[in-house]
Number of protein chains: 2
Amino acid sequence: MAVTTIPGYTSGTDKVPRSPVSRDEVELIKATLLFGEDDRDALRSSSEILGPQIEAILDVWYGFVGANPHLLAAFTGPNGEPDQAYLAAVRRRFGQWILDTARAEFDQAWLDYQHEIGVRHTRRGKNRTDGVRAADHIPLRFVLALLIPITTTLEPFLANGGASQDEVEAMHQAWVKAVLLQVILWSQPYVREGYF
Amino acid sequence: MAVTTIPGYTSGTDKVPRSPVSRDEVELIKATLLFGEDDRDALRSSSEILGPQIEAILDVWYGFVGANPHLLAAFTGPNGEPDQAYLAAVRRRFGQWILDTARAEFDQAWLDYQHEIGVRHTRRGKNRTDGVRAADHIPLRFVLALLIPITTTLEPFLANGGASQDEVEAMHQAWVKAVLLQVILWSQPYVREGYF
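Residues numbered from 1 in each chain as written. Chains lettered and ligands numbered in written order. Predicted model: local features only at pLDDT ≥ 70, side-chain atom pairs only at ≥ 80, totals over all residues. Heavy atoms only, no water.

### Things to note about the overall build of chain A
So, point 1. When helices and strands are counted, chain A shows 10 helices and zero strands.
So, point 2. Start at the N end of chain A and walk to the C end: the helices and strands fall as α-α-α-α-α-α-α-α-α-α.
So, point 3. With respect to the three principal axes, the spread of C-alpha positions in chain A is 50 × 35 × 30 Å.
So, point 4. Counting over 196 residues, chain A shows a buried share of 56%.
So, point 5. At a minimum sequence separation of 6, the contacts of chain A that also span at least 24 residues come to 76%.
So, point 6. Just so you have it, chain A exposes about 8,500 Å², and 52% of that area is on carbon and sulfur atoms. (Helix = DSSP H or I, 4+ residues; strand = E, 2+ residues; numbered from the N terminus. Buried < 20%, exposed > 50% of the residue type's maximum accessible area, 1.4 Å probe, protein only. Contact = heavy atoms within 4.5 Å. Areas by Shrake-Rupley, 256 points an atom, 1.4 Å probe, with all protein chains shown as cover.)

### Details of the relation of the copies chain A and chain B
So, point 1. Mapping chain A onto chain B leaves a residual RMSD of 0.0 Å; the transformation is a rotation of 180° accompanied by 0.0 Å of translation along its axis. Taken together, the rotation and translation describe the operation of a two-fold axis. Of every C-alpha in chain A, the one belonging to Val191(A) sits nearest the axis of rotation, 2.1 Å from it.
So, point 2. A symmetric contact is evident, with 100% of the interface residues of chain A recurring at the interface of chain B. (Least-squares fit on C-alpha atoms with pLDDT ≥ 70 in both.)

### Observations concerning the interface of chain A and chain B
So, point 1. Contacts between the two partners involve 39 residues from chain A and, on the opposite side, 39 residues from chain B.
So, point 2. Both faces considered, chain A and chain B share a buried interface measuring about 3,500 Å² in area, 66% of it formed by carbon and sulfur atoms.
So, point 3. Where chain A touches chain B, the interface holds two salt bridges.
So, point 4. Close ionic contact of Arg141(A) with Glu25(B) constitutes a salt bridge, the shortest N to O distance being 3.7 Å.
So, point 5. Where chain A touches chain B, the interface holds 18 residue pairs in polar contact (both at pLDDT 80 or more). (Buried area = accessible area lost by both parts, 1.4 Å probe. Salt bridge = Lys/Arg side-chain N within 4 Å of Asp/Glu carboxyl O. Polar contact = N/O pair within 3.5 Å; in protein donor to acceptor, adjacent residues only side chain to side chain.)

### Topic: the environment of Arg123(B)
So, point 1. Summarising the element assignment, Arg123(B) is placed in the loop between helix 6 (108–121) and helix 7 (140–145).
So, point 2. Taking the C-alpha atoms as reference points, Arg123(B) and Glu55(B), 68 residues apart in sequence, are found 28 Å from one another.
So, point 3. Not counting the four nearest positions on each side in its chain, Arg123(B) is found in contact with Glu193(A), Gly194(A), Tyr195(A), Arg128(B), Asp136(B) and His137(B).

### A few points about the confidence of the model for chain A
So, point 1. Scored by pLDDT, chain A comes out at a mean of 97, with 98% of its residues at no less than 70.
So, point 2. Interface confidence in the predicted complex, given as ipTM, is 0.97; pTM for the same model is 0.97. (pLDDT = per-residue confidence, 0-100.)

### Describing the side chain of Asp39(B)
So, point 1. In this structure, Asp39(B) sits in helix 2 (residues 37–50).
So, point 2. Sequence-distant contacts of Asp39(B), that is, excluding residues within four places in its chain, are made with Leu34(B), Ala174(B) and Lys177(B).

### Observations concerning the environment of Ser47(B)
So, point 1. Examined against the element boundaries, Ser47(B) turns out to sit in helix 2.
So, point 2. Along the primary structure Ser47(B) and Gln84(B) are separated by 37 residues, whereas in three dimensions their C-alpha atoms are 28 Å apart.

### Details of the pattern of salt bridges
So, point 1. Counting across every chain of the model gives 24 salt bridges over all chains.
So, point 2. The closest approach of N and O atoms between Glu37(A) and Arg40(A), which form a salt bridge, is 3.9 Å. Here Arg40(A) and Glu37(A) lie together in helix 2 (residues 37–50), a separation of three residues that amounts to about one turn.
So, point 3. Overall, Arg40(A) belongs to the partly exposed group, its relative accessible area being 26%.
So, point 4. Residue Arg93(B) is joined to Asp130(B) by a salt bridge in which the shortest nitrogen-to-oxygen separation is 2.7 Å. Pair noted here: Arg93(B) is in helix 5 (residues 84–103) and Asp130(B) is in the loop between helix 6 and helix 7, with a separation of 37 residues, a long-range link.

### Some remarks on helix 6 (residues 108–121) of chain A
So, point 1. Taking 1.5 Å per residue, 14 residues should reach 20 Å; helix 6 of chain A reaches 20 Å between its end C-alpha atoms and fits that length.
So, point 2. In terms of residue burial, helix 6 of chain A counts as a mostly covered element, since 14 of its 14 residues are buried. (Expected span 1.5 Å × (residues − 1).)

### Notes on the side chain of His137(B)
So, point 1. Tracing the sequence through the fold places His137(B) in the loop between helix 6 and helix 7.
So, point 2. For His137(B), a relative accessible area of 10% translates into the label buried.
So, point 3. Not counting residues up to four positions away in its chain, the partners in contact with His137(B) are Gly194(A), Tyr195(A), His121(B), Thr122(B), Arg123(B), Lys126(B) and Tyr190(B).

### Section: the packing of aromatic side chains
So, point 1. Under the defined criterion, the tally for this structure stands at 22 aromatic pairs over all chains.
So, point 2. When the centroid spacing of 6.4 Å and the interplanar angle of 35° are considered together, the rings of Tyr62(B) and Phe75(B) count as tilted. With Tyr62(B) in helix 3 (residues 54–66) and Phe75(B) in the loop between helix 4 (69–72) and helix 5, this residue pair connects regions lying 13 residues apart in the sequence. With respect to class, Tyr62(B) is no different from Phe75(B); both count as buried.
So, point 3. Ring centres of Phe75(B) and Tyr86(B) lie 5.2 Å apart, and the angle between their planes is 55°; on these two criteria the pair is classed as tilted. Placement of Phe75(B) in the loop between helix 4 and helix 5 and of Tyr86(B) in helix 5 is noted, with a sequence separation of 11 residues between them.
So, point 4. With relative accessibility at 12%, the residue Phe75(B) sits in the buried group.
So, point 5. Through successive ring pairs, a cluster of aromatic residues spans Trp61(A), Phe94(A), Trp97(A), Trp175(A) and Trp186(A).
So, point 6. The residue whose ring lies beneath Arg141(A) is Phe142(A), and the NZ or CZ to ring-centre distance is 4.7 Å. (Phe/Tyr/Trp six-rings, centres within 6.5 Å; stacked < 30°, edge-to-face > 60°. Lys NZ or Arg CZ within 6 Å of the ring centre and 35° of its normal.)

### Concerning the environment of Leu185(A)
So, point 1. Positionally, Leu185(A) belongs in helix 10 (residues 165–187).
So, point 2. For Leu185(A), the contacting residues outside a window of four places in its chain are Val21(A), Val26(A), Ile29(A), Trp110(A), Leu111(A) and Gln114(A).

Take a look at the structure:
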């Protein structure tokens, strides 16, 4: 986690409840999706490449969401229009999420915050952080599917840092694994008791 | 689906209940994970390359499962040992799943069968197809995480067919999307009512 002044970004604070997933369980998920130290190193290498490009990356991601009404629906207010203040608030935390993912400190604070992020996507927690009245839930099927556009659109940005093609590919693969790891953790609040 | 004599492979038969997910919903999932006609074509190109290598692919996948006690646990019987007959029965359907995925006929029979596959991984359906007494549930976190080893280990087999590096990469990417699409559908029976 990082000390920031981003509204609603509570990672590392006592506002974030303990994740129901244990560190040992995370290790088994990491082993299953072949996340190794080389991936952690590749993520950290990506950090300085992506850092100066955060706003450009978010432009691409927000462009994708905006072009897909079934995704933009998550931000739609009671008047049927996208809530611009809500979009802007989430955007700042999304930018921080890129940095946090690239930092790859998969510690207890990170784990707890992944659970918090998951809850905030569901009707058990959505809208509360920003005090908005948008759609009350993001279906799990879209949360999981976003793995592809998130990581595919990242590749050109990874290639902007002067790394070799092999290094870019290693960073890209590490990102696919890190995002999958996190969306798996985000899925926990969606899942039936004892099914996760 | 294909007409086969594989025990428990019921795709396309009236033994498979209707999926609760609609074809329109599948199209939105496909759009979200950027699955296009080029991916469908690439999957079909992979079919003839992978077809003759099914047993070798399954050897790799079963090697991975066997090397990971938390995955092998799915096949462990009441005596604490892997149920070899169960492993063999699942293996035949797993081989057929490779062919069905590469065929990329994402029709109603395929959709219904994806739901059936999902149910068979949970305590609502596991073990019944084969009449075994193994672990009664496979945690969703491992089902989702298997996306990476399944598709990563496939790449060398895709490269065995004389296709160019670009074609191999296109087939690999199509496989990542197709497996993600299917594990998303498999997740439906795991998810709380109204959360999928």
